[in-house]
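Geometric and topological summary
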Amino acid sequence: MAIEVIGAGLGRTGTSSFCEALDILGYKCHHMKRCLTDPTNQSSKRFYNAFLNKSEANWDEVYEGYTAAADWTAAHFYKDLLARYPNAKVILTERPFEDWYKSMKNTIYPVIRNGPKHQPGHPHYEFRELNRQIILDGYIEDDEKFLDEELMHKYYDNHIKQVKEVVPANQLYVFKLGEGWEGLCEFLGKSVPEEPYPNTNSTAHFQQRFMKKSNETPTDPVPELNVGDA
Ligand code: A3P
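Please read all numbers here as calculations on a predicted model, not as lab measurements.

1. Concerning the pattern of salt bridges
- Scanning the entire structure with this criterion turns up 10 salt bridges.
- Between K117 and E141 there is a salt bridge; the shortest N-O distance is 3.7 Å. Here K117, found in the loop between α6 (108–114) and α7 (125–134), pairs with E141, found in the loop between α7 and α8 (143–146); they are 24 residues apart in sequence, far enough to count as distant.
- A relative accessible area of 46% places K117 in the partly exposed class.
- Between E141 and R132 there is a salt bridge, with the nearest N and O atoms lying 2.9 Å from each other.

Structure follows, in structure tokens:
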């Protein structure tokens, strides 16, 4: 199996919906959450090792069983994946910076910042470390950086600019969050499905699942994620 579609957009740009959409179109899309569907934890280990040593990574093994990639991992690995799968199509999911930053602040930021830091050997050590280190290149845990809105705006814009520079124009589609199937399906050469484009993982949904209502303290998302969620 080869990766045919690479989602290069950062998390909180609609990557869960995008991954679901690709599954509906017949791909098998990897989202970071799917690492947790492997009870042996080998999947998290493979992704974490690839993150630690990208130049040595065997991408066929890392993405074994998948034909598409999305979320923070794909946004981080997109250049390596494109080198390995030069004919892959790249989709950049995108939304206005202000919406993205607000969404990050209300979801991933508190969960990662207040989440437990496991020791090696813990079943969720690699998944947790991958999250902490790959999300915004670790800025998610660095308040001086993450809470500097100007800096984060530059980071966000720079990611978009880089993707547009690196990916050949005929292999790239920019998917604006909120648009539906048409442009995406045309770009991928697929028929438009009858069902609506997915809409999942809103801030409200995320908070319901991962944060205690009383004091906004996040719970550890790892044990709560199950195969159905992912
Ligand atoms: P909010 O946090 O602003 O609610 P991701 O899956 O990458 O974490 O992104 C989730 C964000 O994308 C959420 O934003 C969610 O509401 C938004 N989203 C997902 N699918 C959408 C759709 N079809 N139309 C509009 N927004 C969508």
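Here the narrative resumes, following the displayed structure.
2. Observations regarding the site of the ligand
- The environment of the ligand is made up of 18 residues, and the closest members are R12, T15, S17, S103 and T203.
- In the environment of the ligand, an oxygen atom lies 2.9 Å from a nitrogen or oxygen atom belonging to the side chain of R95.
- Within the complex, the protein chains bury 83% of what would otherwise be the 570 Å² of accessible surface of the ligand.
- Split into classes, the residues belonging to the shell around the ligand amount to three nonpolar, 13 polar and two charged.

3. Focus: helix α1 (residues 15–24)
- Within α1, seven of the 10 residues are buried, which leaves it mostly tucked inside the rest of the structure.
- Residues T15, S16, S17, F18, C19, A21 and L22 constitute the buried set of α1.
- Looking at the buried positions of α1, the neighbouring elements they touch are β1 (5–7), β2 (29–30), β3 (68–69), α4 (71–84), β4 (89–94) and α10 (181–188).
- Phi turns positive, to about 105 degrees, at G26, one or two residues after α1.

4. What about the packing of aromatic side chains?
- Using the criterion set out here, one finds 15 aromatic pairs in the structure.
- Centre to centre, the rings of F47 and Y63 are 4.9 Å apart; their planes meet at 85 degrees, and the pair counts as edge-to-face. You can see F47 sitting in helix α2 (residues 42–52) and its partner Y63 sitting in the loop between α3 (59–62) and β3, a full 16 residues away along the chain.
- For F47, a relative accessible area of 0% translates into the label buried.
- The class of Y63 is buried, set by a relative accessible area of 2%.
- Above the face of the Y139 ring, K145 is positioned so that its terminal group lies 5.1 Å from the ring centre.

5. As for a negative patch on the surface
- There is a patch of like negative charges on the surface, built from E98, D99, E144, D148, E149 and E150.
- Broken down by secondary-structure element, the contributors of at least two residues to the negative patch are α5 (97–106) and α9 (149–166).

6. Topic: the environment of M211
- For M211, the location among the structural elements is in the loop between α11 (203–210) and α12 (221–224).
- As a C-alpha pair, M211 and T107 span 104 residues in sequence and 8.6 Å in three-dimensional space.

7. A look at the state of the cysteines
- Enumeration over the complete set of coordinates arrives at one disulfide.
- As a non-bridged cysteine, C35 has C19 as the owner of its nearest cysteine sulfur, 11 Å distant.
- Take C185: it sits in no disulfide, and the sulfur closest to it among the cysteines is that of C29, at 14 Å.
- With a relative accessible area of 1%, C185 lands in the buried category.

8. Observations concerning the sheet that holds β2
- Across the sheet, which stays open at both edges, the five strands sit in the order β2-β3-β1-β4-β5 with parallel pairing between neighbours. The open sheet has two free edges, formed respectively by β2 and β5 (172–176), since each of these has just one partner strand.
- In this structure, β1 lies alongside β4, joined through three bridges in parallel fashion. Along β4, the bridge assignment pairs V5 with K89.
- Packed onto the sheet, α10 meets β1, β4 and β5 and runs at close to 165 degrees relative to β4.

Each value, and the rule that gives it
Residues numbered from 1 in each chain as written. Predicted model: local features only at pLDDT ≥ 70, side-chain atom pairs only at ≥ 80, totals over all residues. Heavy atoms only, no water. Salt bridge = Lys/Arg side-chain N within 4 Å of Asp/Glu carboxyl O. Helix = DSSP H or I, 4+ residues; strand = E, 2+ residues; numbered from the N terminus. Buried < 20%, exposed > 50% of the residue type's maximum accessible area, 1.4 Å probe, protein only. Near = heavy atom within 4 Å. Polar contact = N/O pair within 3.5 Å; in protein donor to acceptor, adjacent residues only side chain to side chain. Areas by Shrake-Rupley, 256 points an atom, 1.4 Å probe, with all protein chains shown as cover. Nonpolar A, V, L, I, M, F, W, Y, C, P; charged D, E, K, R; others polar. Contact = heavy atoms within 4.5 Å. Phe/Tyr/Trp six-rings, centres within 6.5 Å; stacked < 30°, edge-to-face > 60°. Lys NZ or Arg CZ within 6 Å of the ring centre and 35° of its normal. Patch = residues over 30% accessible without salt bridge, like charges linked within 9 Å, V, L, I, M, F, W, Y side chains within 5 Å. Lys, Arg positive; Asp, Glu negative; His and termini not counted. Charge placed at Lys NZ, Arg CZ, Asp CG, Glu CD. Disulfide = S-S within 2.5 Å. Pairing = 2+ DSSP bridges. Axes fitted to C-alpha atoms, helices over the stretch in contact; angles between N-to-C directions.

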